[in-house]
Each structure stands twice: as C-alpha cells, then as structure tokens.
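Here is how the chains run, residue by residue.
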Amino acid sequence: IRESAALTRDVLEQHFNDLKGTLKKLLDERLMSLLQEVDTIEQESIKPLDECQKLIEHGVSTADDLLREGESAVHGDVGQQNEKLCNFTKKALHIQLDSLPEVPSLVDVPCLSAQLDDCLLTILKNQIFRHGTVASRPPVQLEEFVEKPGGILVRWCKVDDDFIPQDYRLQYRKSTAGHFEDVYVGSETEFIVLHIDPHVDYQFRVCARGDGRQEWSPWSVPQTGCTTLVPHEWTTGLEGYSLSSRRNIALRNDSQSCGVLYSKAPTYFCGQTLTFRQVAVGIETVGQPDRRDSLGVCVEQQNGYDSLQRDKAVCISTNGAVFVNGKEMTNQLPAVTSGSTVTFDMEVVQLGPSSNEGGNFKLRVTISSNNREVVFDWVLDQCCGALYFGCSFSYPGWKVLVF
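As annotated in an unreviewed UniProt entry, the chain carries the name Cytokine receptor-like factor 3 and is attributed to Apaloderma vittatum. On record in UniProt, under Sequence similarities (unreviewed entry), the comment for the chain is "Belongs to the cytokine receptor-like factor 3 family." Per its UniProt entry, the chain bears the Function (unreviewed entry) comment "May play a role in the negative regulation of cell cycle progression."

Following this line, the structure appears as structure tokens:
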C-alpha cells in the first residue's frame, strides 16, 4: 500500500506540474497574440491620423510664416513697403490657407479596449475540480500464469462489477529491464506470451479501457511469472525447410528435397498443449495441400519417411484427415488454411499390460482445429515420457509456428 501510495503521489505531482507549465505557456502565447493584435490595430489606425496632423501642422506653419512676412511689409520702410506688399499679395494668392485635409469623424476612429470574460475561470474551475481520480484498486487484475515451452499463458479477470471493459492491454518486461512493453491489446482475457527465456523472471501488468472510452484504466498490481519449460524448436539441417532465428518457425522452401522435419528434442509431455499455427507468407499464404502433408507427434524420429502417417505417430493432414499409427480415422477435421491453429492435448489413461489391445500404454489424444476436435485413444507398446513433434509438406509455401 505504501509503495503504490508513494507512486500515486509522484504521478499526481508530476501530472499537475506538467499541467501548470502547459497552462502558463498557453496563457503567455495567448497574451502575446492579443498584444500583437493591439499593436497591429494601433499602427494601422494611427498612420492616416499622423499624416493628417502633419499636413495641418505644415499649413499652420506656412500661415504663421506668411503672417510674419505681412507684418514686416506693413511696418517696413516706406520705400520698400510697396514692393513687400506686392510680394506678400502674390504669395498669399498662391497659398490655399482655407483648405484642410479630410479629418476622420470621431466615430470612425478606433478606440481599443480589452474584452475579458470571467466565464473562462468558471469553466476552468469546474474542469479542474473534476480532473483526475484516485482509484483504490484497478478494475482488472492478473489471475493466473501457466507455464508453456518457451512461453507463459497469462490470464486476467475483471474485479470491478461496475466496469464494462472494451479492450485489455497486457505489458511485460524482464525483471532486470527498465520499462514495460506492450505484448497484447484486444478483447480476450488470456494471451500466450512467447519468446520467454526459461528460468528467468518476467513482470506482467494489465489494464483495460472502458466501453466507449479512450483512456486506459490504472495498471494492475505487477506480478512475476516464469517458465521452467524449454522452448519447442525444430531441428536444423533439413534441406527442404528454412527456420527462424529462434527455430520455432519452419518454412517449406522451394527445395525438391522432401521428408519429415522433427523437433530438436522430445520436448512435448503429456498434460501439455502442443500448438501449430499457420503463419501468413507474403501473398501466397499457404502452399498447395497434399494428402501426404502432416502435423503431429511421434514416439521417435524415423528417417526415410515423407510423412508422419506411419506407425508410432498421430497426425493431421492439411485436408483435415486424422491418422493414428498410419491408419486414417473416419472422423475428419476442417482443412488447415492460413491462420489455422491446430492443437494436440494428451493424457495417460492406462499403464500396464493390455492383452486385448496389444499394448501396455494408452494415451487419450485430443486434436482441435478451427473450433472442432476429435478424441481417441492412442495405444503404444512402450511407455513414453516425452514425444517428438514434426511436420511434412509436399509443396513450398507452408509456414508453421510451434509453441
């Protein structure tokens, strides 16, 4: 509580300090704009009046000079009087002393004033008093972490009954990292975070956006999760397939070489969910399907086969056919297309001798694809603690992510 309270205080103080700085900057900019507007009106309005004043002052000065010249002619010597009076008369006739420039009427002369409405303070006051809230708890919280090979399935739930979520936002970071980063935004309440290093702690947090709202809710309490399961990897070196840097994505390339691409090691254990997902590749998102195509699991790697449709393996073909120990089942799943997700779930249902079925180890297998599933028992003649997974495609263009 003390930690979150201290963090909340820091966030509030920083936010309102930023607001004060921004408001001061905006008010200064508005003041400068209004002052510039006053300067512009003043300069444009005073210019003709200044010119008019100059003309009047010039006319008054000219009249004053003529008046002094006339006085000098009247009071001068008798001999020069007639000549000065003659010059004065000629000069006076050429100067229009009775003309004045047009002076604007008083109503046409601008009179500046500032119009300031006090309602701005009222509006700001009302908005400020409603700005910001303090929540005692976030509306969503992290609920569960489920270990996955090279990943963690994160689940969260809504804890505020009055909150109607529209979207969720999940973030994570390594415990030693400095900042969180987005890993999922959407309407689901769970997400598998991949590319997780085993035995390394990661912190997760989630928030939500209310229905019709733009802002996100407060973050949930950060929680730590990790996985002890090594990531699934395809084996390297098979000519017909190109792998991603983490070796969890396999692309069937243009090579004429064919065969089954197996996992690097038997990393699939009963009780887990193995997922294959078709990833889009450019414009041609998937390759041409073939009945020999296969996605599935097997007891051991067996070279020399071009498909998992063989003994000691269960698989699904890209056309949706399911094979158990090389035999096609009557039940069929939807065809595998771009974006399809195929999952395998297995659990041990029988150990020990079983003379009727010819095996002593039985697994209950569930294969799901495109919201449909088939369930069957897979009988083996040996106990298997871990299984390999594999794929085979006859034509290029298929790209499979495994996790």
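Picking up where we left off.
**Quick look at the overall build of the chain**
For the chain, the count of helices and strands is three helices and 20 strands. Taken against the 2.2 N^0.38 rule, which gives 22 Å for 403 residues, the C-alpha radius of gyration of the chain at 45 Å runs more than 25% over that of a compact globule. Projecting the C-alpha coordinates of the chain onto the three principal axes gives extents of approximately 160 × 60 × 35 Å. The proportion of buried residues among the 403 residues of the chain is 31%. Long-range pairs, those at least 24 residues apart, make up 60% of the contacts in the chain with a sequence separation of at least 6. If you sum the accessible surface of the chain, you get close to 25200 Å²; carbon and sulfur atoms cover 52% of it.

**What to know about the sheet that holds strand β13 (residues 313-316)**
Read from one edge to the other, the open sheet built from six strands follows the order β10-β19-β12-β13-β14-β15, with strand pairing classed as antiparallel. Of all the strands in the sheet, just β10 (261-262) and β15 (327-332) have a single pairing partner and so form its edges. Pairing analysis gives three bridges linking strand β14 (residues 321-324) to β15, with the strands arranged antiparallel. Within the sheet, the bridge partner assigned to Val324 lies in β15 and is Lys327.

**Observations regarding the pattern of salt bridges**
Throughout the structure, instances matching the rule amount to 14 salt bridges. Salt-bridge contacts for Arg291 lead to Glu328; the nearest nitrogen and oxygen are separated by 2.8 Å. Here Glu328 lies in strand β15 and Arg291 lies in the loop between β11 (273-278) and β12 (294-298), a separation of 37 residues in the sequence. Salt bridges linked by common partners bring Glu144, Arg155 and Glu190 together as one network.

**Here's the deal with the packing of aromatic side chains**
The tally for this structure, following the rule as stated, stands at 11 aromatic pairs. On the numbers, 5.0 Å between centres and 80° between planes, the contact of Trp234 with Phe389 is edge-to-face. Highlighted residues: Trp234 in the loop between β7 (223-225) and β8 (241-243) and Phe389 in strand β19 (residues 388-392), separated in sequence by 155 residues. Here Trp234 falls in the buried class, since its relative accessible area comes to 0%.

**As for helix α3 (residues 119-130)**
Its 12 residues place the ends of α3 17 Å apart at the C-alpha level, agreeing with the 16 Å of an ideal helix rising 1.5 Å per residue. One or two steps after α3, the chain reaches Gly132, where phi turns positive at roughly 85°.

**Description of the nonpolar core**
Within soluble globular proteins, side chains that are nonpolar tend to cluster in buried spots. Counting residues in each nonpolar core, the largest one holds 36 residues, and the members touching the most others are Phe276, Met346, Phe376 and Trp378. Core analysis: the second largest hydrophobic core is formed by 16 residues, Leu142, Val154, Trp156 and Phe163 among them.

**Thoughts on the domain arrangement of the chain**
The domain architecture assigned to the chain consists of domain 1 (1-130), domain 2 (140-227) and domain 3 (241-402). For domain 1 and domain 2, the distance between their C-alpha centroids amounts to 64 Å.

**Here's the deal with unusual backbone geometry**
Non-glycine residue Asn325 carries a positive phi angle of around 50°. Its place among the elements puts Asn325 in the loop between β14 and β15. Of the residues examined, Asn325 reaches a relative accessible area of 24% and is grouped as partly exposed. The phi torsion at Asn370 lies on the positive side, around 50°, for a residue other than glycine.

**Remarks on the pairing of strand β1 (residues 140-148)**
In the sheet, β1 pairs with strand β2 (residues 151-158) via eight bridges, with the strands oriented antiparallel. If you follow Leu142 over to β2, its bridge partner there is Trp156. The hairpin formed by β1 and β2 contains two residues between the paired strands, and Gly150 there has a positive phi angle of roughly 70°.

**Some details on the sheet that holds β2**
One open sheet accounts for three strands, arranged β1-β2-β5; its pairing is antiparallel. What marks the edges here is a single partner per strand, and that holds for β1 and β5 (190-193). On average, adjacent strands in this sheet sit at an angle of 20° to one another, irrespective of strand direction. Across four bridges, β2 lies against β5 in antiparallel orientation. Paired with Val154 across the bridge in β5 is Phe191.

**Details of the UniProt feature "coiled-coil region" (unreviewed entry) in the chain**
UniProt records the feature "coiled-coil region" (unreviewed entry) for residues 9-44 in the present numbering. Helix makes up 100% of residues 9-44 and strand 0%, and the two end C-alpha atoms of the span are 52 Å apart.

The rules we used
Residues numbered from 1 in each chain as written. Predicted model: local features only at pLDDT ≥ 70, side-chain atom pairs only at ≥ 80, totals over all residues. Heavy atoms only, no water. UniProt positions renumbered as here; feature names shortened; annotations may be inferred. Helix = DSSP H or I, 4+ residues; strand = E, 2+ residues; numbered from the N terminus. Rg over C-alpha atoms; globule rule 2.2 N^0.38 Å. Buried < 20%, exposed > 50% of the residue type's maximum accessible area, 1.4 Å probe, protein only. Contact = heavy atoms within 4.5 Å. Areas by Shrake-Rupley, 256 points an atom, 1.4 Å probe, with all protein chains shown as cover. Pairing = 2+ DSSP bridges. Salt bridge = Lys/Arg side-chain N within 4 Å of Asp/Glu carboxyl O. Phe/Tyr/Trp six-rings, centres within 6.5 Å; stacked < 30°, edge-to-face > 60°. Expected span 1.5 Å × (residues − 1). Core = buried A, V, L, I, M, F, W, Y, C linked by side-chain atoms within 4.5 Å. Domains from an automatic or database assignment. Axes fitted to C-alpha atoms, helices over the stretch in contact; angles between N-to-C directions.

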